[in-house]
Amino acid sequence: MNRKGLAILMRTKMRPTTTPPISPSSEVGEIQSGSGSKNSDGNSSMALKTSDSLRNPEGDLKGVWESMHSAISMSKIDILDPVLKNFSEGYLKLSYEDRRKLLVILAREYDVRRNEVHKLIQQYLGLEFPSGDIMRETTHEEESLLSSFYRIERNLRHALQPKFEVLFEHLNTHPGGLKFMTGLRGDLLSMIAEEKVAALRALDSYLKEKLVTWLTPATLELHHITWDDPASLLEKIVAHEAVHPISNLTDLKRRLGIGRRCFGYLHPAIPGEPLIFIEVALLKDVARTIQEVLWDSPPSPESEATCALFYSISSTQPGLAGINLGKFLIKRVIELVKRDMPHVTKFATLSPIPGYMNWLQSKLASQLKIAEAENEDRTGSTFKEDILQPEEERALLKLSTEFTSGANGVEVMMNLLTSTNYEWAKSDKMVSVLRGPLMRLCARYLVIEKKRGKALDSVANFHLQNGAMIERLNWMADRSTKGLHQSGSIMVNYVYRTDKIEENAQLYFNEGRIQASSDIHHYLEKV
């Protein structure tokens, strides 16, 4: 083993596996801060001279709070960097609970100056806007009145800016500040997931908007990641691969070698660490199974490739969740591959369907409850659905005499899909019977089932909002335990047609319209 391989191996926890690493996953936090008195801005304020109860063995909450307050209050650049350094280093030493206390204080005590906003709104409403032709010359009195409007509007804009904005702006210019803020937002997201705190949600929303502004395509560098890159960078690829875990160094070299590409977005403020990366396979045609992508050896000659298949996209920063850097990355990679390899004309994915089995099992369970209630009171239900076609029902009931029990097809299907050892996937007969209903219901899940007008499945929503269309469902595409658990082995090809990307994205964004192939619509005709 060479020195680079040894360095990666020593620093990275490889995932040992006796089978190919083909388990896909989805692709691409209230505490009281104290009862203090009201300050002149109308916000609850706690004195910075706090009790020793704010201290703990892991870190000094009081000291970190004081550094944070100083960073927000001071304007002298020459002494700001040491204060920011004290704050960021101190924050990282705090326990999770103390970080939470500090962020609640930041969100509540350094928020918008609402008393001032209220006073300015009252002043604004007290003014009478001058009427008349906007093209005519204004009088001296009208000019004076307009000046009052402009002054109040300027003051209102300033008052509506929360004080914590100053902290974020200062951190953005501080060495390591951008990386620190992505970690801080990761903490925020964890805290919000535990308990919905309005102040923390507002803080997160504001920080997310700032990160979107700072992480534009113009500030990001597209980097072709190869085996020649530093071991420290390759370590990040191994550690953060979220879709198909990298099992060993041979696996890593294969993904960076002939017939494969890996691209990442780097930011100057976070050198040597891709914020997001995408893995690409150069193939003769669009792959139907993950086996073709990860374990076929040797790969097809690159000169014979006609398809660039995106089979994994992963973020290295949990704090960037909800910021769609993947959209820009995919478009840049398409442009680059088209330029360097004109013979590649197809751009597609082989994607997992992480929410399908949860949705389907919930649907089956609800239908079983409805059927049970009908049997008890012998009345029909408006919520009853014909989940299965008549021929599917008969085939599943026939299985019940050989493999499992069930009073009806829905119950048989539920029992098969919830078996922990996935015996159904090992039987050609059961696989054949389940194929029809699972593929048909999967098409329904991807195209028809919506959340707030958009695709229910997270990966589908990601690719559709980026301008892709649903091209093909692939049966037995991922036989791993994870693949069977998430999607009953089914994977989907999304296709990016370069002349339709913007149109598809706009139709999906504005109308929730999902573009799908005739094959997909054929399944939907039976729904």
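Per an unreviewed UniProt entry, the protein goes by Malonyl-CoA decarboxylase and derives from Stephania japonica.

The helix and strand inventory of the protein stands at 21 helices and 11 strands. Accessible surface for the protein amounts to roughly 26,100 Å². Of this, 52% is attributable to carbon and sulfur atoms.

Next up on the list: the pattern of salt bridges. Side chains carrying opposite charge are able to pair once their charged atoms draw close together. Per the counting criterion, the structure on display carries 29 salt bridges. We note a salt bridge from Glu304 to Lys284, for which the minimum N-O separation is 3.0 Å. One end of the pair, Glu304, is in the loop between α12 (290-294) and β6 (307-315); the other, Lys284, is in the loop between β5 (276-283) and α12, and 20 residues separate them in sequence. Assessed through its relative accessible area of 47%, Lys284 is described here as partly exposed. In this structure, the salt-bridge partner of Glu423 is Lys426, at a minimum N-O distance of 3.4 Å. Residue classification places Glu423 among the partly exposed positions, given a relative accessible area of 39%.

Here we come to the side chain of Asp478. Looking at the element boundaries, Asp478 is found in the loop between β10 (469-474) and α19 (481-487). Arg479 provides the closest opposite charge to the buried, unpaired Asp478, separated from it by 8.5 Å.

Our next topic: the packing of helix α2 (residues 61-73) against helix α4 (residues 96-109). Contact pair α2 / α4: the axes reach a minimum separation of 11 Å and the direction vectors enclose 30°. Taken as axis vectors, α2 and α4 run roughly parallel relative to one another. Here the hand of the crossing between α2 and α4 comes out right-handed. Mapping the contact onto sequence places Leu61, Val64, Trp65, Met68 and Ile72 in α2 and Asp98, Lys101, Leu102, Ile105 and Leu106 in α4.

Attention shifts here to the nonpolar core. Ranked by size, the top nonpolar core spans 116 residues in total, and within it Tyr356, Trp424, Leu438 and Leu446 carry the most contacts. Counting residues per element, this core draws most heavily on helix α17 (residues 428-447), at 12 residues. In contact with Trp424, not counting residues within four places along its chain, are Leu416, Leu417, Ser419, Met430, Val431, Leu434, Leu438, Trp475, Met476, Leu484 and Gly488. Counting 16 residues, the second-largest nonpolar core is a separate cluster that includes Val293, Ala348, Met469 and Ala477.

Right, let's get into the confidence of the model for the protein. Chain-level pLDDT for the protein is 86 on average; 84% of the residues reach the 70-or-more range. Throughout residues 16-58 the model reports pLDDT below 50, and contacts reaching past four residues in sequence, or to other chains, amount to 120 contacts.

Note that an α-helix has 3.6 residues per turn; residues three or four places apart therefore point the same way. With 16 residues, helix α13 (residues 325-340) should reach 22 Å at 1.5 Å per residue; the first-to-last C-alpha distance of 23 Å fits that figure. Three or more residues of α13 are buried, namely Leu325, Gly326, Leu329, Ile330, Val333, Ile334 and Val337. Viewed end-on, α13 has its buried residues packed into an arc of 165°, placing them on one side of the element. Along α13, the residues that are exposed and aim more than 90 degrees away from the buried face are Glu335 and Arg339.

Turning to the packing of aromatic side chains, a few remarks are in order. For any pair of aromatic rings, the description rests on two quantities: the centre-to-centre distance and the angle between the ring planes. Under the defined criterion, the tally for this structure stands at 11 aromatic pairs. When the centroid spacing of 5.6 Å and the interplanar angle of 75° are considered together, the rings of Phe87 and Phe180 count as edge-to-face. Taken together, the positions of Phe87 in helix α3 (residues 77-93) and Phe180 in helix α8 (residues 177-194) put the pair 93 residues apart, joining distant regions of the chain. Classification of Phe87 as buried rests on a relative accessible area of 1%. Relative to Trp475, the ring of Trp424 lies with its centre 6.2 Å away and its plane at 35°, an arrangement referred to as tilted. In this pair, Trp424 sits in the loop between α16 (409-417) and α17 while Trp475 sits in the loop between β10 and α19, placing the two residues 51 residues apart along the sequence. As far as burial versus exposure is concerned, Trp424 and Trp475 are alike and both buried. A network of ring pairs unites the aromatic residues Phe87, Tyr91 and Phe180 as a single cluster. The aromatic ring of Trp227 is capped on one face by Lys253, whose charged end is 5.0 Å from the ring centroid. A cation over an aromatic ring shows up here: Lys454 above the ring of Tyr508, its NZ or CZ 5.8 Å from the ring centre.

Definitions and cut-offs
- Residues numbered from 1 in each chain as written.
- Predicted model: local features only at pLDDT ≥ 70, side-chain atom pairs only at ≥ 80, totals over all residues.
- Heavy atoms only, no water.
- Helix = DSSP H or I, 4+ residues; strand = E, 2+ residues; numbered from the N terminus.
- Areas by Shrake-Rupley, 256 points an atom, 1.4 Å probe, with all protein chains shown as cover.
- Salt bridge = Lys/Arg side-chain N within 4 Å of Asp/Glu carboxyl O.
- Buried < 20%, exposed > 50% of the residue type's maximum accessible area, 1.4 Å probe, protein only.
- Lys, Arg positive; Asp, Glu negative; His and termini not counted.
- Axes fitted to C-alpha atoms, helices over the stretch in contact; angles between N-to-C directions.
- Parallel < 35°, antiparallel > 145°, perpendicular 65-115°, else oblique.
- Left-handed = near helix turned anticlockwise from the far one by under 90°.
- Contact = heavy atoms within 4.5 Å.
- Core = buried A, V, L, I, M, F, W, Y, C linked by side-chain atoms within 4.5 Å.
- pLDDT = per-residue confidence, 0-100.
- Expected span 1.5 Å × (residues − 1).
- Arc of directions from axis to C-beta.
- Phe/Tyr/Trp six-rings, centres within 6.5 Å; stacked < 30°, edge-to-face > 60°.
- Lys NZ or Arg CZ within 6 Å of the ring centre and 35° of its normal.

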